[in-house]
Amino acid sequence: MSALLSTRNVETWYGPIMAIGGVSIDVPEGAIVCVLGANGAGKTTLLKTISGAIDCRKGQVIFRGKEVQNRNPDAVAACGIAHVPEGREVFPFMSVEENLIVGAWGRADKDAVARDMEAVYAYFPDLASKRRDMAGFLSGGQQQMLAIGRGLMGNAALMILDEPSLGLSPLLTQQIFAIVKRINRERGITILLVEQNAVAALDLADHGYVMEVGRIVMDAPTAELRESDDIREFYLGKSDEGIRGEKRWKKRKTWR
Amino acid sequence: MAISDVFQLLLIGLSQGCGYALVAIGFVFIYRATEVVNFAHGEIMMFGAFVVLTFAEFWGLGFWLGAALGLMTMAAMGYLLDMLVMRRMIGESQASIFILTVAIGLILKALAGMIWGFSPQIMNSPFQGQLSLGGIVIGTDRLAIMVGTVVVCVLLWAFFSKTRVGLAMQAASQNQLAAYYSRVPVRRLVSVIWAIAALVAAFAGVLMAPITQIDTEMSLFGIKAIAGAVVGGFGSIPGALIGCLIIGVSEPFLDYLYPPLKGVYAYIILLAVLFVRPEGLIPQTYQKKV
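Worth saying up front: this structure is predicted, and the values here are computed from it rather than measured.

Trainee: Help me out: how do you make sense of the state of the cysteines in this one?
Mentor: What makes a disulfide is a covalent bond joining the sulfur atoms belonging to two cysteines. Under the counting rule described, the total for this entry stands at zero disulfides over all chains. Among the cysteines around A:Cys79, which has no disulfide bond, A:Cys56 carries the closest sulfur, lying 14 Å off. With no disulfide partner, B:Cys244 has as its closest neighbouring cysteine sulfur the one in B:Cys18, 9.4 Å distant.

Trainee: How should the side chain of A:Ser51 be read in this particular structure?
Mentor: Position of A:Ser51 relative to the elements: it lies in helix H1 (residues 43–51). By relative accessible area, which is 2% here, A:Ser51 ends up buried. Here A:His83 takes part through its side chain, which lies 2.6 Å from a polar atom of the side chain of A:Ser51. Other than its neighbours up to four places away in sequence, A:Ser51 contacts A:Pro73, A:Val76, A:His83 and B:Tyr181.

Trainee: Got a minute to help me understand empty space enclosed by the protein in this structure?
Mentor: A water-sized probe, rolled over the atoms, reveals where empty space remains. A complete count under the given rule lists one cavity of 30 Å³ or more for this structure. Together, 14 residues line the largest cavity, and A:Ala82, A:Arg150, A:Gly151, B:Tyr181 and B:Ser182 are the ones closest to its centre. Counting residues per element, the ones that place at least two in the lining of the largest cavity are strand S7 (81–84) and helix H6 (140–153) of chain A together with helix H7 (176–181) of chain B.

Trainee: Help me understand the environment of B:Pro210 in this model?
Mentor: All names here are of chain B. Mapped onto the secondary structure, Pro210 falls in helix H8 (residues 186–212). For Pro210, a relative accessible area of 22% puts it in the partly exposed group. On a C-alpha basis, the gap between Pro210 and Leu189 in space is 33 Å, while along the polypeptide they are 21 residues apart. Among all residues touching Pro210, those that are not within four sequence positions of it are Ser125, Phe127 and Asp141.

Trainee: Where do I start with helix H7 (residues 170–187) of chain A in this structure?
Mentor: Two residues of an α-helix separated by three or four positions point the same way, owing to the 3.6 residues in each turn. Residues and elements named next belong to chain A. An ideal rise of 1.5 Å per residue puts 26 Å on 18 residues; H7 measures up with 25 Å between its terminal C-alpha atoms. All buried positions along H7 are accounted for by Thr173, Ile176, Phe177, Ile179, Val180, Ile183 and Asn184. Down the axis of H7, the sector holding all buried residues measures 160°, keeping them to one side. For H7, the exposed residues set more than 90 degrees away from the buried face come down to Leu171, Gln174 and Glu186. Considering only its buried residues, H7 is in contact with strand S4 (32–37), helix H4 (110–123), H6, strand S8 (158–162), strand S9 (190–195) and helix H8 (198–204).

Trainee: Is there a simple way to explain the interface of chain A and chain B in this structure?
Mentor: Where interface size is given, it is often the accessible area lost as the parts come together that is meant. The interface is formed by 30 residues belonging to chain A together with 24 residues belonging to chain B. Among the residues of chain A in contact with chain B, A:Asp74, A:Phe93 and A:Trp105 are the three that bury the most area, contributing 30% of the side total. On inspection of chain A and its partner chain B, the count reaches zero salt bridges. Summed over the shared surface of chain A and chain B, the number is six residue pairs in polar contact (both at pLDDT 80 or more). Contributions of two or more residues to the side of chain A that touches chain B are made by H1, helix H2 (73–79) and helix H3 (96–103) of chain A.

Trainee: Explanation requested: the sheet that holds S8(A) in the structure shown.
Mentor: The strands making up a sheet are joined through hydrogen bonds of the backbone, oriented either antiparallel or parallel. Residues and elements named next belong to chain A. Judged by pairing direction, the sheet is mixed, and its six strands sit side by side in the order S7-S8-S9-S4-S10-S11 without closing on themselves. Only two strands of the sheet have a single partner each, and these edge strands are S7 and strand S11 (215–221). Strand-to-strand twist in this sheet, taken as the mean axis angle between neighbours without regard to direction, amounts to 15°. Relative to S9, S8 runs parallel, the two being bridged by five bridges. For Leu158, the partnering residue across the bridge sits in S9 and is Thr190.

Trainee: Explanation requested: the packing of helix H2 (residues 41–58) of chain B against H8(B) in the structure shown.
Mentor: Residue and element names in this part refer to chain B. One can describe the packing of H2 onto H8 by two numbers: an axis separation of 7 Å at closest approach and a directional angle of 60°. Here H2 is positioned oblique relative to H8, judged by the angle of their axes. Seen from above, H2 lies across H8 with right-handed handedness. For the pair formed by H2 and H8, the contact residues are His41, Ile44, Met45, Gly48, Ala49 and Val52 on the first element and Ala197, Ala198, Ala201, Ala202, Ala204, Gly205, Val206 and Met208 on the second. Of the residues that constitute the contact of H2 with H8, the class distribution is eleven nonpolar, three polar and no charged.

Trainee: I tried to follow the packing of aromatic side chains on my own but got confused; where do I start?
Mentor: Residues and elements named next belong to chain B. Counting across every chain of the model gives twelve aromatic pairs over all chains. With a centroid separation of 4.8 Å and an interplanar angle of 40°, the aromatic rings of Phe29 and Phe160 are classed as tilted. Here the residue Phe29 occupies a position in helix H1 (residues 3–34), and Phe160 occupies one in helix H5 (residues 140–162), the gap between them amounting to 131 residues. Each member of the pair Phe29 and Phe160 is classed as buried. When the ring of Trp64 is compared with that of Phe127, the centres are 6.0 Å apart and the planes differ by 85°; the resulting orientation is edge-to-face.

Scoring rules and cut-offs
Residues numbered from 1 in each chain as written. Chains lettered and ligands numbered in written order. Predicted model: local features only at pLDDT ≥ 70, side-chain atom pairs only at ≥ 80, totals over all residues. Heavy atoms only, no water. Disulfide = S-S within 2.5 Å. Helix = DSSP H or I, 4+ residues; strand = E, 2+ residues; numbered from the N terminus. Buried < 20%, exposed > 50% of the residue type's maximum accessible area, 1.4 Å probe, protein only. Polar contact = N/O pair within 3.5 Å; in protein donor to acceptor, adjacent residues only side chain to side chain. Contact = heavy atoms within 4.5 Å. 1 Å grid on protein atoms, 1.4 Å probe; cavity = no way out; pocket = protein on both sides within 12 Å on 5 of 7 lines; lining within 4 Å. Points joined across faces, edges and corners; volume = space filled by probe spheres on them. Expected span 1.5 Å × (residues − 1). Arc of directions from axis to C-beta. Buried area = accessible area lost by both parts, 1.4 Å probe. Salt bridge = Lys/Arg side-chain N within 4 Å of Asp/Glu carboxyl O. Pairing = 2+ DSSP bridges. Axes fitted to C-alpha atoms, helices over the stretch in contact; angles between N-to-C directions. Parallel < 35°, antiparallel > 145°, perpendicular 65-115°, else oblique. Left-handed = near helix turned anticlockwise from the far one by under 90°. Nonpolar A, V, L, I, M, F, W, Y, C, P; charged D, E, K, R; others polar. Phe/Tyr/Trp six-rings, centres within 6.5 Å; stacked < 30°, edge-to-face > 60°.

As structure tokens, then:
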């Protein structure tokens, strides 16, 4: 499979501080790829660089064979990348339906837009009963669903999800991840997912990257990542006990 | 004070308030979309009145054609003002943006004075008759403002809540980044909002022209409109409308009751409201996300 989206040695700075450096990832068409990492590892920066919200200083972002780095975010989105940002970013004073209508901006095919809207309501029945309600008054989970639904309305080939589980209950996280999987399988939308909830993300994704302080430190299929000692200890919280039955507190990560 | 006098003053106040409201609407639109407080809005209104005067009187195109062309010109000017000047200020401090808008206002005022002179000019408009309803006499000029304001409000409401472009503009002002991610060309739409705001302000200028005459001091109107917007709750459209109507209606009554403070009452009301309810009468339901 060829990569739908790749980044090549992307380097992004916030003023004098380099947030990410030398980041190269590949997202194959039709796959679910996750990027794991702790707070401040540069995951969100990577996504923002891909979707054009921040300009990178070096490197390329290649989508469908075209370089799209440092374009305006609306131009990148028009290429077929739907970025669902972190923290349930909805349009708070507009109704659910109006949020979805804005999500379909730039599409001329009215019938297909209407079909997609019904598809969103089918994926998220919670939203269907609140079509006329103001988005700002929805619950956190519903706002996250609406943000994903709005991303779907753009009919993009690639959906970028930034921490969809942020602040949601484990049950709701499970539901949303199940729907993300269905969106991927049923609609053939490629997914690039950033998560702190490593257990859920590794179950969902086919391939994973691990970021730390602005760099990619691991790159492997998720089955392999799940078995890796480092991932098990630092991201899944399962540690093997030492000889004397106590946790070794000074264990080093092998990639340092 | 006879009851017919009360009605008379009420109608005058309402029409005055509608004039303020037309300016305040554009002012609030710009604030909501870009968080820019445009202190040049009164000057844009004044400039618009002069442009219409030029088309209608000096070039002899007549009131209606002149007004149409003048409003279009002002819309184009609003668009270009954002595209060439304000867009570059994104991310700068509020203080520099404030100073810039004040400077733009001064430039427009000086420019208008240089082109058209500083003495008041009269525009012939079709609204110069009088209508008497059961002893209450009202000028058609004042009636035109009220009708015009209602029409503009209905049109703007329909545009922003019923059309796709209008919804996208709302989206862009509520959550700019999310709008960008949804393919909405935010920058272009912000320029269009400036165009609409300038157009509505010029419309107010045209309607107020028969009452106040056209001169560079017309721009003071903008400050009262800003006062109305603040009274109503900064950033809320219904609030701005109500705030402007309150100021418009109370002015003639207070002027009548105690004339020495004529012209200052708008600011007294502003201060009083800010003391009692600093967030304004109808604040936004909750704080806008940054």
